[in-house]
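The residues making up each chain are set out below.
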Amino acid sequence: MSRAEAVAAYGQAWRERDETARLALLQQVWADDGIYCDPQVLLPDRAALARHIGSFQTSAPDWDIVITSEPLEHHDAAHFRWSIRDGSGADVVTGLDVAVFDERGRITRLTGFFTG
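A brief report on the enclosed structure follows. (Residues numbered from 1 in each chain as written. Predicted model: local features only at pLDDT ≥ 70, side-chain atom pairs only at ≥ 80, totals over all residues. Heavy atoms only, no water.)

Some words on the overall build of the protein chain
Now for step 1: Helices and strands together make up the secondary structure of the protein chain, namely three helices and seven strands.
Now for step 2: In the protein chain, the succession of α and β elements from N to C terminus is α-α-β-β-α-β-β-β-β-β.
Now for step 3: Since a compact globule built from 116 residues should have a radius of gyration of about 13 Å, the 13 Å found for the protein chain is in line with a globular shape.
Now for step 4: Counting only C-alpha atoms and orienting by the principal axes, one finds that the protein chain spans roughly 40 × 30 × 25 Å. (Helix = DSSP H or I, 4+ residues; strand = E, 2+ residues; numbered from the N terminus. Rg over C-alpha atoms; globule rule 2.2 N^0.38 Å.)

Here it is as structure tokens:
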């Protein structure tokens, strides 16, 4: 899997409402011990990330997260932009994620920044 494909599947996991399907997406692209970090949380593995995504979806059921840029890559890392949109499609929060990948193309660490 390419890094761009991994980023796309990760983004799809944020949109997937079915818990089993969401975890299946993350199993494809997230290393077993991959770390997720944003200004509000630090999560130790993919199961914790899957639960975090589910909690976000429950707290904001009409909101959607979309990746808004292609990943810009070099060496073992890439960054990309995203947006949280409300039910009308308006941006509520925007951000930038930096992902580090293992040799199989799976995310080993993702650090998110809220930019707007």
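Brief notes about the layout of surface pockets
Where empty space is left in the structure can be found by rolling a water-sized probe over the atoms.
Now for step 1: Roughly 290 Å³ of internal volume is contained in the largest pocket.
Now for step 2: Taken together, 17 residues line the largest pocket, and the ones lying closest to its centre are Trp14, Ile65, Trp82, Ile84 and Phe114.
Now for step 3: Put simply, the parts of the chain that give the lining of the largest pocket at least two residues each are α1 (3-15), α3 (46-59), β3 (64-67), β5 (77-85) and β6 (91-101).
Now for step 4: Residue composition of the lining of the largest pocket, grouped by class: twelve nonpolar, three polar and two charged. (1 Å grid on protein atoms, 1.4 Å probe; cavity = no way out; pocket = protein on both sides within 12 Å on 5 of 7 lines; lining within 4 Å. Points joined across faces, edges and corners; volume = space filled by probe spheres on them. Nonpolar A, V, L, I, M, F, W, Y, C, P; charged D, E, K, R; others polar.)

Some thoughts on the pattern of salt bridges
Now for step 1: Within this structure, the stated rule accounts for five salt bridges.
Now for step 2: Here Asp102 and Arg106 are joined by a salt bridge, their closest N and O atoms 3.0 Å apart. The same class applies to Asp102 and to Arg106, which are both buried. (Salt bridge = Lys/Arg side-chain N within 4 Å of Asp/Glu carboxyl O. Buried < 20%, exposed > 50% of the residue type's maximum accessible area, 1.4 Å probe, protein only.)

A look at the packing of aromatic side chains
Think of a pair of aromatic rings as described by two things: how far the centres are apart, and how the planes are tilted against each other in angle.
Now for step 1: Within this structure, the stated rule accounts for five aromatic pairs.
Now for step 2: The interplanar angle of 25° and the centroid separation of 5.8 Å between the aromatic rings of Tyr10 and Trp30 together place this pair among those described as stacked. Of this pair, Tyr10 sits in helix α1 while Trp30 sits in strand β1 (residues 30-37), and the two are 20 residues apart along the sequence.
Now for step 3: Residue classification places Tyr10 among the buried positions, given a relative accessible area of 3%.
Now for step 4: By relative accessible area, which is 0% here, Trp30 ends up buried.
Now for step 5: Plain terms: the ring middles of Trp14 and Tyr36 are 6.2 Å apart, the flat faces sit at 45° to each other, and that makes the pair tilted. Here Tyr36 lies in strand β1 and Trp14 lies in helix α1, a separation of 22 residues in the sequence. For the pair Trp14 and Tyr36, one class covers both residues: buried.
Now for step 6: One aromatic cluster is present, built from ring pairs that chain together Tyr10, Trp30 and Phe80. (Phe/Tyr/Trp six-rings, centres within 6.5 Å; stacked < 30°, edge-to-face > 60°.)

Some words on the side chain of Arg106
Now for step 1: In this fold, Arg106 is placed in the loop between β6 and β7 (107-114).
Now for step 2: Residue classification places Arg106 among the buried positions, given a relative accessible area of 14%.
Now for step 3: Once residues within four sequence positions are removed from consideration, Arg106 is found in contact with Gln28, Val29, Trp30, Ala31, Asp32, Arg46, Val100 and Phe101. (Contact = heavy atoms within 4.5 Å.)

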